[in-house]
Amino acid sequence: MAHERIEVDLPLAKAYELLCNPVHYTKFLNRIDEIEKVNSQTFDYKTNIGGEEFQWTTNVIDNLRNTRFAWITINGNLNQTGTIRFTPLDNGKRTRIDFSLDYRTFFGDPEEELANFIEGLPQQLKADLGKFKELAESDTFKDEQTEKEGSEVTA
């Protein structure tokens, strides 16, 4: 389990907008290769760890606008859960983001490469959120592909 907190120079609604759609996560979560939107609540993830492809599907379980966004794995060969909490700062001009992310295997101990992937999560999440902050504050976060896919996610 990794938990990281950052503060961004963005209004709460903007920070929430950028993080409430998992298809955007490949822009800053370095260790995720691909995320596809299945429907408004379901997303397919893919990554490669030590030459082995991992795929899993998540469902959004909590989407409280401008407050909290959470998901769990519903199937696949890697179990991922995540929660993002949003807190307004400076009369809403800035936002504190608390991001929790966890990976687990479904059965038994992970192989060495996967174990290293999981153990390295805290350091990687810190770096990833630094990248998110940089992209979001410089207004270079979105591109045409993610604009076309839309940002509405329901729970």
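Up top you'll find the structure we're talking about.
Source: prediction; values computed, not measured.

Colleague: Can you help me understand a negative patch on the surface in this one?
Modeller: A contiguous patch of negative charge, built from E52, E111, E112 and E113, is present on the exposed surface. Within the secondary structure, E111 is located in the loop between β7 (94-104) and α2 (112-119).

Colleague: Would you mind showing me how to read the pairing of β7 here?
Modeller: Taken residue by residue, a regular strand's side chains alternate between the two faces of the sheet. Of all 11 residues that make up β7, eight are buried, and the element is covered over most of its length. Bridge count for strand β1 (residues 2-8) against β7 is seven bridges, and the pairing is antiparallel. From the neighbouring strand, H3 faces β7, where its bridge partner is S100. Direction of pairing for strand β6 (residues 79-89) relative to β7: antiparallel, over a ladder of 11 bridges. Each bridged residue has a counterpart across the sheet, and for Q80 the counterpart in β7 is Y103. Between the antiparallel neighbours β6 and β7 lie four residues, among them D90 with a positive phi of about 50°.

Colleague: Please clarify how the pattern of salt bridges should be interpreted in this entry.
Modeller: Pairing between side chains of opposite charge can happen when the charged atoms of each approach one another. Under the counting rule described, the total for this entry stands at eight salt bridges. A salt bridge links D9 to R94, with the shortest nitrogen-to-oxygen separation between them at 2.7 Å. Placement of D9 in the loop between β1 and α1 (12-19) and of R94 in strand β7 is noted, with a sequence separation of 85 residues between them. Judged by its relative accessible area of 46%, D9 falls in the partly exposed class. On the basis of relative accessible area, R94 is assigned to the partly exposed category, the value being 21%.

Colleague: Got a minute to help me understand helix α3 (residues 121-137) in this structure?
Modeller: Working note: α-helix, 3.6 residues per turn, so residues spaced by three or four point in the same direction. Here α3 spans 24 Å end to end across 17 residues, near enough to the 24 Å set by a 1.5 Å rise per residue. Of the positions making up α3, those classed as buried are L121, Q124, L125, D128, L129, F132, L135 and A136. The arc enclosing the buried residues of α3, seen along the axis, measures out at 130°, which places them on a common side. Exposed residues on α3 whose side chains face more than 90 degrees from its buried face are Q123, K126 and E134. Buried residues along α3 sit against β1, α1, β7 and α2. Directly after α3, the chain includes D139, whose backbone phi takes a positive value near 60°.

What counts and what doesn't
Residues numbered from 1 in each chain as written. Predicted model: local features only at pLDDT ≥ 70, side-chain atom pairs only at ≥ 80, totals over all residues. Heavy atoms only, no water. Patch = residues over 30% accessible without salt bridge, like charges linked within 9 Å, V, L, I, M, F, W, Y side chains within 5 Å. Areas by Shrake-Rupley, 256 points an atom, 1.4 Å probe, with all protein chains shown as cover. Salt bridge = Lys/Arg side-chain N within 4 Å of Asp/Glu carboxyl O. Lys, Arg positive; Asp, Glu negative; His and termini not counted. Charge placed at Lys NZ, Arg CZ, Asp CG, Glu CD. Helix = DSSP H or I, 4+ residues; strand = E, 2+ residues; numbered from the N terminus. Buried < 20%, exposed > 50% of the residue type's maximum accessible area, 1.4 Å probe, protein only. Pairing = 2+ DSSP bridges. Expected span 1.5 Å × (residues − 1). Arc of directions from axis to C-beta. Contact = heavy atoms within 4.5 Å.

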